[in-house]
Amino acid sequence: MKKLICAFLALIMALSLAACGGKEQATVSTDGSTSMQKVISALGEAFMEDTGANFTYNATGSGTGIKAVKDGTCDIGLSSRYLKDSEKAEGLKETILAIDGIAIIVHPDNTVADLTVEQIAAVFRGEITSWNEVGGSDGEIVCIGREESSGTRDGFESITGTEEACVYKQELTSNGAVLTAVAENPNAIGYVSLSSVKDTVKAISVGGVAPGEATIKDGSYAVQRPFVLVTKEGAALSETAQAFFDFATSSAANEIISAAGVVPVN
Amino acid sequence: MKSNKLFERVVHGIFLLLGLVTVAFVLLITVYLVVCGIPAMMEIGVWNFLFGKVWDPAASDPKYGILPFVLSSIYGTAGALVIGVPVGFFTAVYLSKKASKRVKEWMSAAVSLLAGIPSVVYGLVGMMVLVPGIREIFHLPDGASLLAAMIVLAIMILPSIIKVSITALDAVPKEYEDASLALGATPEETWFRVSVPAAKSGIAAAVVLGVGRAIGEAMAVMMVSGNVANMPSLFESVRFLTTAVSSGMGYADGLYREALFSIALVLFLFIMLINAALNFFLKGEKK
């Protein structure tokens, strides 16, 4: 019995020792878009593993991230939109890290194969309620989207200009759930991250352009937005921040970026 | 001899420690929920929070009214009881009083199995079978609705209702039933006039247990109810208290996140009430 207690105590001591370690480290801080959380966290983790440097990410929103770079309170800003000309005039520089493509999906039996961005917006606002208004069969359109805090929803609504105006029949919490719901309902339309589309649903073309890595990269597929790294023009980054910047924009990071569900551009 | 005593003390100490850990967790969670949940409620205003009809935390003018969730949770649970309690109750009476030993064994095993199925599986089957089924039967554009959630919850609470009711019915002294039969009552009269009233506090406890399970379920409900913050209506997509918390927690921040803690606090109070009711019924049984 004593042996058992000894072993128990030894285990506890070993565990408490393992919890120690770690010292003052070089840090790279990022701040901005909540939509970029998945991709930037994955990059940050890989960077920390490779170099041992510290990596921080503040999920505040693109606007706040851009401002933080301007004020110098973070190394690299994260924005899920292009910089405005006024922001560029203030000495900020944009580097596109990746492109987030959002596929518009319908049931495979749906005869509608193409919608314009305006039609998609009208459908989700509830202005077009039947498939026959857009060239399909009779049937009330069922809009399926994501929960309020989703980055994909934020992206879809900002691209189509339907913020706070969408009338959803279902608000699901993952790409997979949206896929299943759309695959089950012949009248459904939904949106998911392009990388998660499966052949249980049909991804329609938008304005005549089918979604795909090529059409997203050349900019012809409309339902997309850039993930931008924002830095200060002319001002040098710290050594660690520069190392992270180089790593994130190198082709070595492509696999990590793809795994996070977006299209790498470098 | 001496080492034996030491050993006993050590074991006693370990058991006491483990017991205290459980108590500590309950206290910790309670305190944490209250501390995290109160500020947002104060900031939004208790009245606006509990009785506001619009939930739109991501809007430029955010609204934090949780009345749709509270009502959906209550209606959904009530609907599950309306469907589940009769089925569970009569199953329990049949298994306890009428069924042959073999049938009872097999069906009890099936009920236990039903209790062991993870809620995500209920949700998945509901999503693939029930939701399209409701759409077809009622000619709706979409089947994800309060009704679908009620049916899934009704099935999920069956095991607790059946098992606890059987235990209560089995515990009715055989003399009661023998006396009733000797006085010329039929077996059916005996079950419903003698056995069931004698076991009523146990059956009530079974129902309360079912309520607890239904109101706390998140995963299965989220997958079949559509998860839109509408005021509840049978064929509309709705969001429960539980699913409001779980669907927002991933990315929410600021007041939105604090409001989710407030929702959790409201849910916690509901469950405390149900537990209090359960204790009340169980005490009644002992008396």
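Everything numeric in this text was worked out from a predicted model, so none of it was measured.

Participant: Looking at this model, I keep getting lost on the overall build of chain A. Mind explaining?
Facilitator: Counting its secondary structure elements, chain A contains ten helices and twelve strands. Put simply, of all contacts in chain A between residues at least 6 apart along the chain, 72% involve residues at least 24 apart. When the accessible area of chain A is evaluated, it comes to approximately 12,100 Å², of which 53% is carbon and sulfur surface. Charge centroids of chain A, computed over 19 positive and 34 negative side chains, lie 7 Å from each other.

Participant: Would you explain the interface of chain B and chain A in this entry?
Facilitator: How big an interface is tends to be expressed through the accessible area that disappears when the partners come together. Tallying the contact residues gives 28 residues for chain B and 22 residues for chain A. The junction of chain B with chain A conceals about 2,200 Å² of combined surface from both sides, 53% of it contributed by carbon and sulfur atoms. Summed over the shared surface of chain B and chain A, the number is eleven residue pairs in polar contact (both at pLDDT 80 or more). In terms of residue count, the dominant contributor to the side of chain B that touches chain A is helix H5 (residues 119-138) of chain B (four residues). Residue composition of the side of chain B that touches chain A, grouped by class: 17 nonpolar, six polar and five charged.

Participant: Hey, could you run me through empty space enclosed by the protein in this one?
Facilitator: Which parts of space are left empty comes out when a probe the size of a water molecule is rolled across the atoms. What the rule picks out here adds up to one cavity of 30 Å³ or more. Each pocket or cavity is described by its volume, and for the largest cavity that value is around 80 Å³. Lining of the largest cavity is provided by Gln-170, Thr-180, Ala-181, Glu-184 and Asn-185 of chain A together with Met-127, Val-131, Pro-132, Arg-135, Asp-142, Ala-144 and Met-223 of chain B. For the lining of the largest cavity, the secondary-structure elements that each account for two or more residues are helix H7 (175-184) of chain A together with H5 of chain B. Here the lining of the largest cavity gets four residues from one element, more than from any other, and that element is H5 of chain B. Residue composition of the lining of the largest cavity, by class: six nonpolar, three polar and three charged.

Participant: Looking at this model, I keep getting lost on the nonpolar core. Mind explaining?
Facilitator: Residues and elements named next belong to chain A. Ile-104, Ile-105, Phe-124, Ile-144, Phe-156, Tyr-168 and Ile-189 are the most contacted members of the largest nonpolar core, which has 44 residues in total. For this core, the secondary-structure elements that each account for two or more residues are strand E4 (92-106), helix H5 (117-125), strand E6 (142-146), H7 and strand E8 (188-193). Broken down by element, this core gets its largest block of residues, six residues, from E4. Ignoring anything within four residues of it in the chain, the contact list for Ile-189 reads Ile-104, Ile-105, Val-106, Leu-115, Val-123, Phe-124, Trp-131, Ile-141, Val-142, Cys-143, Ile-144 and Val-182.

Participant: Is there a simple way to explain the pattern of salt bridges in this structure?
Facilitator: Opposite charge on two side chains allows them to pair when their charged atoms are near. According to the stated counting rule, one finds 19 salt bridges over all chains in the structure shown. Among the salt bridges present, the one from Asp-71 of chain A reaches Lys-67 of chain A, with a minimum N-O distance of 3.2 Å. With Asp-71 of chain A and Lys-67 of chain A both in helix H3 (residues 62-71) and four residues apart, the pair spans about one turn of that helix. The residue Lys-169 of chain A makes a salt bridge to Glu-236 of chain B at a minimum N-O spacing of 3.8 Å. Separated into two different chains, Lys-169 of chain A in the loop between helix H6 (151-160) and strand E7 (170-172) and Glu-236 of chain B in the loop between helix H10 (219-224) and helix H11 (241-248) make up a pair that spans both. According to the relative accessible area criterion, Lys-169 of chain A is buried, its value standing at 18%. By relative accessible area, which is 31% here, Glu-236 of chain B ends up partly exposed. Where salt bridges share partners, they join Glu-148, Arg-153, Glu-157 and Glu-171 of chain A together with Arg-239 of chain B into one cluster.

Participant: Help me understand the packing of aromatic side chains in this model?
Facilitator: The relation between two aromatic rings is expressed through the spacing of the ring centres and the mutual angle of the planes. Under the criterion given, the structure shown has 17 aromatic pairs over all chains. Through successive ring pairs, a cluster of aromatic residues spans Phe-47, Phe-55, Phe-244 and Phe-247 of chain A.

Participant: Sorry if this is basic, but what is going on with the pairing of E4 of chain A here?
Facilitator: Residues and elements named next belong to chain A. Summarising burial for E4: twelve of the 15 residues are buried, a large majority. Two elements, E4 and strand E11 (residues 224-232), share nine bridges in a ladder whose sense is antiparallel. The partner of Ile-99 across the bridge, within E11, is Pro-226. Pairing geometry for E4 and strand E12 (residues 263-264), over two bridges, is antiparallel. Within E12, the residue paired with Ile-99 across the bridge is Val-263. Bridging between E4 and E8 involves five bridges; their strand directions are antiparallel. Residue pairing across strands places Val-106 opposite Ile-189, the latter belonging to E8. Two elements, E4 and strand E9 (residues 202-203), share two bridges in a ladder whose sense is antiparallel. Across the sheet, residue Val-106 finds its bridge partner in E9, namely Lys-202.

Participant: In this structure, what is going on with the domain arrangement of chain A? I would like to understand it.
Facilitator: Residues and elements named next belong to chain A. Domains assigned within chain A are domain 1 (2-99 + 227-264) and domain 2 (100-224). Spacing between the C-alpha centres of domain 1 and domain 2 amounts to 31 Å. With eight residues of domain 1 in contact, the opposing surface of domain 2 contributes ten residues. Of the roughly 730 Å² buried between domain 1 and domain 2 on both sides combined, carbon and sulfur atoms contribute 58%. The three residues of domain 1 that bury the most area against domain 2 are Ile-99, Gly-261 and Val-263, which together make up 63% of that side's buried surface.

Participant: Please clarify how a nonpolar patch on the surface should be interpreted in this entry.
Facilitator: Residues and elements named next belong to chain B. Side chains of Ile-117, Val-120, Val-121, Leu-124, Val-125, Met-128, Val-129 and Met-219 sit close together on the surface and give an oily, nonpolar patch of about 630 Å² of accessible area. The greatest single-element share of the nonpolar patch, amounting to six residues, is contributed by H5. Take Val-121: it is sitting in helix H5. The exposure class of Val-121 is partly exposed, given its relative accessible area of 35%.

Rules of the game
- Residues numbered from 1 in each chain as written.
- Chains lettered and ligands numbered in written order.
- Predicted model: local features only at pLDDT ≥ 70, side-chain atom pairs only at ≥ 80, totals over all residues.
- Heavy atoms only, no water.
- Helix = DSSP H or I, 4+ residues; strand = E, 2+ residues; numbered from the N terminus.
- Contact = heavy atoms within 4.5 Å.
- Areas by Shrake-Rupley, 256 points an atom, 1.4 Å probe, with all protein chains shown as cover.
- Lys, Arg positive; Asp, Glu negative; His and termini not counted.
- Charge placed at Lys NZ, Arg CZ, Asp CG, Glu CD.
- Buried area = accessible area lost by both parts, 1.4 Å probe.
- Polar contact = N/O pair within 3.5 Å; in protein donor to acceptor, adjacent residues only side chain to side chain.
- Nonpolar A, V, L, I, M, F, W, Y, C, P; charged D, E, K, R; others polar.
- 1 Å grid on protein atoms, 1.4 Å probe; cavity = no way out; pocket = protein on both sides within 12 Å on 5 of 7 lines; lining within 4 Å.
- Points joined across faces, edges and corners; volume = space filled by probe spheres on them.
- Core = buried A, V, L, I, M, F, W, Y, C linked by side-chain atoms within 4.5 Å.
- Buried < 20%, exposed > 50% of the residue type's maximum accessible area, 1.4 Å probe, protein only.
- Salt bridge = Lys/Arg side-chain N within 4 Å of Asp/Glu carboxyl O.
- Phe/Tyr/Trp six-rings, centres within 6.5 Å; stacked < 30°, edge-to-face > 60°.
- Pairing = 2+ DSSP bridges.
- Domains from an automatic or database assignment.
- Patch = residues over 30% accessible without salt bridge, like charges linked within 9 Å, V, L, I, M, F, W, Y side chains within 5 Å.

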